[in-house]
Amino acid sequence: MEEINQEMEDLACRFYPLAFCLCPDDLMATQLIIDSVARWGLSQTSLENWDEELEVEYVFHLYELARLRSKHFAFKKTDSFFKLSLKERFLLYLRDKLAWDYSSMARACGERPETTIAQIHQARSAMVSHLKLEKAAGETRW
Amino acid sequence: MVESTYLYSKNNIDLYHRMLDEFNSSECVFSRNLLVFLENGEREPGPFYSKHINECSICQKKAREYSALLMSVNRAIPVASLPENFQSLVKREIKESLKLAFQRLEEKDSTSLWSKKFLFQVFEDLGKRTFLTRDFLKGIALASLSAAILYFVL
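Parameters and conventions
- Residues numbered from 1 in each chain as written.
- Chains lettered and ligands numbered in written order.
- Predicted model: local features only at pLDDT ≥ 70, side-chain atom pairs only at ≥ 80, totals over all residues.
- Helix = DSSP H or I, 4+ residues; strand = E, 2+ residues; numbered from the N terminus.
- Buried ≥ 20, exposed ≤ 12 C-beta atoms within 10 Å, placed from the backbone.
- Contact = placed C-beta atoms within 7 Å.
- Axes fitted to C-alpha atoms, helices over the stretch in contact; angles between N-to-C directions.
- Parallel < 35°, antiparallel > 145°, perpendicular 65-115°, else oblique.
- Left-handed = near helix turned anticlockwise from the far one by under 90°.
- Nonpolar A, V, L, I, M, F, W, Y, C, P; charged D, E, K, R; others polar.
- Expected span 1.5 Å × (residues − 1).
- Domains from an automatic or database assignment.
- Core = buried A, V, L, I, M, F, W, Y, C linked by C-beta atoms within 7 Å.

### Here's the deal with the overall build of chain A
(1) Moving on: Across its full length, chain A holds eight helices and zero strands.
(2) Moving on: The dimensions of chain A, computed from C-alpha atoms along their principal axes, are 60 × 35 × 25 Å.
(3) Moving on: The 142 residues of chain A split such that 35% are buried.

### A look at the overall build of chain B
(1) Moving on: Along chain B, the regular secondary structure elements total six helices and zero strands.
(2) Moving on: Put simply, chain B runs from its N terminus to its C terminus through helices and strands in the order α-α-α-α-α-α.
(3) Moving on: Evaluated residue by residue, chain B yields a buried proportion of 5% over its 154 residues.
(4) Moving on: Residue pairs at least 24 apart in sequence account for 48% of intrachain contacts in chain B once pairs closer than 6 positions are excluded.

### Comments concerning the packing of helix H4 (residues 54-70) of chain A against helix H7 (residues 102-109) of chain A
All names here are of chain A.
(1) Moving on: At a minimum axis separation of 8 Å, H4 and H7 run at an interaxial angle of 45°. With respect to H7, the element H4 is oriented oblique. In this structure, the crossing between H4 and H7 has a hand that is right-handed. Contacts between H4 and H7 involve Val56, Val59, Phe60 and Tyr63 from the first element and Ser104, Arg107, Ala108 and Cys109 from the second.
(2) Moving on: Of the residues assigned to the contact of H4 with H7, the class counts are six nonpolar, one polar and one charged.

### Re the interface of chain A and chain B
(1) Moving on: Each side of the interface is counted separately: chain A has 32 residues, and chain B has 25 residues.
(2) Moving on: Elements represented by at least two residues in the side of chain A that touches chain B include exactly helix H1 (2-14), helix H2 (16-22), helix H3 (26-43), helix H5 (80-83), helix H6 (86-97) and helix H8 (113-141) of chain A.
(3) Moving on: Element by element, the count of residues in the side of chain A that touches chain B is highest for H3(A), at eight residues.

### Thoughts on unusual backbone geometry
(1) Moving on: Unusually for a residue other than glycine, Ala99(A) sits at a positive phi of about 55°.
(2) Moving on: Position of Ala99(A) relative to the elements: it lies in the loop between H6 and H7.
(3) Moving on: Classification of Ala99(A) by C-beta neighbours within 10 Å gives exposed; the count is 8.
(4) Moving on: Phi at Asn85(B) takes a positive value of approximately 60°, unusual for a residue other than glycine.
(5) Moving on: Relative to the elements of secondary structure, Asn85(B) occurs in the loop between helix H4 (57-76) and helix H5 (86-131).
(6) Moving on: A count of 9 C-beta atoms within 10 Å places Asn85(B) in the exposed class.

### Some thoughts on H6(A)
Residues and elements named next belong to chain A.
(1) Moving on: Compared with the 16 Å implied by 1.5 Å per residue over 12 residues, the 16 Å span of H6 between its first and last C-alpha is a close match.
(2) Moving on: If you check which residues of H6 are buried, you get Arg89, Phe90, Leu91, Leu92, Tyr93, Leu94, Arg95 and Asp96.
(3) Moving on: Of the residues flanking the end of H6, it is Ala99, one or two places downstream, whose phi is positive at about 55°.

### Considering the domain arrangement of chain A
Buried accessible area, meaning the area lost when the parts come together, often serves as the stated size of an interface.
Residue and element names in this part refer to chain A.
(1) Moving on: Domain boundaries assigned for chain A yield domain 1 (1-76) and domain 2 (77-142).
(2) Moving on: The C-alpha-based centres of domain 1 and domain 2 are spaced at 20 Å.
(3) Moving on: At the interface, 13 residues of domain 1 touch 11 residues of domain 2.
(4) Moving on: Among the secondary structure elements, those contributing two or more residues to the side of domain 1 that touches domain 2 are H2 and H4.
(5) Moving on: Looking at which element gives the most residues to the side of domain 1 that touches domain 2, the answer is H4, with seven residues.

### Observations concerning the nonpolar core
(1) Moving on: Counting residues in hydrophobic clusters, the biggest one holds 43 residues, and the most contacted among them are Ala12(A), Phe15(A), Ala19(A), Leu22(A), Leu32(A), Ile33(A) and Leu62(A).
(2) Moving on: Broken down by secondary-structure element, the contributors of at least two residues to this core are H1, H2, H3, H4, H6, H7 and H8 of chain A together with H5 of chain B.
(3) Moving on: Ile33(A) has contacts with Ala12(A), Phe15(A), Tyr16(A), Ala19(A) and Val90(B), leaving out every residue within four places of it along the chain.

### Description of the packing of H6(A) against H4(B)
(1) Moving on: Here H6(A) crosses H4(B) at 120°, and the two axes come no closer than 10 Å. For the pair H6(A) and H4(B), the sense of crossing is left-handed. On H4(B), the residues touching Leu92(A), Asp96(A) and Lys97(A) of H6(A) are Leu70(B), Val73(B) and Asn74(B).
(2) Moving on: Class assignment of the residues belonging to the contact of H6(A) with H4(B) gives a composition of three nonpolar, one polar and two charged.

### Focus on H3(A)
(1) Moving on: Across its 18 residues, H3(A) extends 26 Å between first and last C-alpha, which sits within 8% of the 26 Å expected from 1.5 Å per residue.
(2) Moving on: Burial in H3(A) covers these residues: Ala29(A), Thr30(A), Leu32(A), Ile33(A), Ile34(A), Ser36(A), Val37(A), Trp40(A) and Gly41(A).

Written out as structure tokens, the structure reads:
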């Protein structure tokens, strides 16, 4: 029990920035982190084997909860990154910040790796076009 | 209105060569594979391709552009720092959540054990009541006696 508590605390601290990228609000992100632990705990069917793929499973629950909550939550961030969809932000963060491999990312999204690769490329190109627009708007403003 | 020109006619041979040179200076057939290696960091390019990348200016330019793109995307992703009291709050909440989840699992385990015990008890009682009663044994004895008589008679 102590061991899993410690492991979950580490995961919570490590994935807080991801939670913030999905729900850009301190309170919401903290709540998301805590609720993902509870959701993970409730999804377990046995007291053993919890350490297998704990990280991927935790991130899966984090994403699922964020997806459900995003329907009822609007935020006012205007950065290019926050103009992307929830899934695009999730994939970009995992790939470009945490350098996750495609198969883990696919498991975290509940999809096939091929689909995930295609979605990452779409997310990147969307991000680049948002950045270009932002840059152009900045130049026009000056 | 833009007019089209047929490049493969003998009259346009200069234009054809000019276009071909222009295309060759901007495109390299191997640069298509370059993105696969750059994107899929787990795969190492073979000796031929490694040598080609070192020599081909077009591939080098593409690789530079790609890493610049990745850098710009990476820079645009925000990294939030942990809020105040996050660790203490999360520690308490996580402990509670996990305690509840594990309690539920233990209850579930004990329930399934109890149901197994209950089923065993039911069958045991049924066995004692049905198969070990005097009437049942009398019935069995009568049936076997009549079967023996029938066997000898017939």
